[in-house]
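# Residue-level structural notes
Below are the chains, spelled out letter by letter.
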Amino acid sequence: KVVGRLKVPEIVMRLIYRFHSEAFGIIFSIIRLTLCVVWMTHFTGCVWYAIGVGSEGGGWVTANQMKQERLNYQYASAFHWALTQLTGSCEIIPTNFPERLYANCVLLMGFIIGAWAISSITAAITRLGLVGAHEAARVRALREYLIDNKVSSKLALRIQRNAVDSYKMVKK
């Protein structure tokens, strides 16, 4: 019932607030990107299936003896074809001009979407690494300060633990 009442962005904002983590937001952006690619693949596969069924002679559906197959297998084949357009290879091939034209357009868009997805995921992972690196740099600077000022190792360890705990509290 709760999910039905709340919009997805509101749920996400509540989770980010609850976990107090920039890392959670970055991970969520990667998940959102993945779901976006899955949705685009679904849409592309559905159009591919419609072109195949609507083509004169049955197009790729008939050429691959799929008319007698169950609808879920036909959908899975169309989804598979759409997904493989990101890599440019599949055993299902266009059999007429409308299918070939659509396949070419999808290959071009697949190249662009693939490059976008990879660059977005790379940027998100880099941001995720920077979040952890920033905290590590602060702890390293504190450790160097404690060593330079000849603070005992027992006291230095307590100070470092306290600093890490304080940093986590500030992030909240």
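Quick caveat: nothing in here was measured; it's all calculated off a predicted structure.

### What about the overall build of the chain?
Each helix and strand counted, the chain has seven helices and zero strands in total. Taken from N to C terminus, the helices and strands of the chain fall in the order α-α-α-α-α-α-α. Here the chain, with 172 residues, has 25% of them falling under the buried criterion. Taking the contacts inside the chain whose residues are at least 6 apart along the sequence as the reference set, 61% of them involve residues at least 24 apart. When the accessible surface of the chain is totalled, it reaches about 12200 Å², and 66% of it is carbon and sulfur.

### Some remarks on the nonpolar core
Core analysis: the largest hydrophobic core is formed by 12 residues, namely Trp48, Ile51, Trp60, Val61, Met66, Ala78, Trp81, Ala82, Ile92, Tyr102, Ala103 and Val106. Every element with two or more residues in this core is listed here: helix H3 (22–54), helix H4 (59–63), helix H5 (71–84) and helix H6 (97–148). The residues touching Trp81, leaving out its near neighbours within four places in the chain, are Thr44, Trp48, Cys90, Ile92, Tyr102, Ala103 and Val106.

### Concerning the packing of aromatic side chains
With the rule as written, the count across this model stands at seven aromatic pairs. Here the aromatic rings of Trp39 and Phe43 are separated by 5.7 Å at their centres, their planes lie at 10 degrees, and the arrangement is stacked. You can see Trp39 and its partner Phe43 sitting in helix H3, four residues apart, about one turn around the helix. Residue class for Phe43 comes out partly exposed when judged on its relative accessible area of 47%. Judged by centre distance (6.4 Å) and plane angle (15 degrees), the rings of Trp48 and Tyr102 are stacked.

What counts, and at which threshold
Residues numbered from 1 in each chain as written. Predicted model: local features only at pLDDT ≥ 70, side-chain atom pairs only at ≥ 80, totals over all residues. Heavy atoms only, no water. Helix = DSSP H or I, 4+ residues; strand = E, 2+ residues; numbered from the N terminus. Buried < 20%, exposed > 50% of the residue type's maximum accessible area, 1.4 Å probe, protein only. Contact = heavy atoms within 4.5 Å. Areas by Shrake-Rupley, 256 points an atom, 1.4 Å probe, with all protein chains shown as cover. Core = buried A, V, L, I, M, F, W, Y, C linked by side-chain atoms within 4.5 Å. Phe/Tyr/Trp six-rings, centres within 6.5 Å; stacked < 30°, edge-to-face > 60°.

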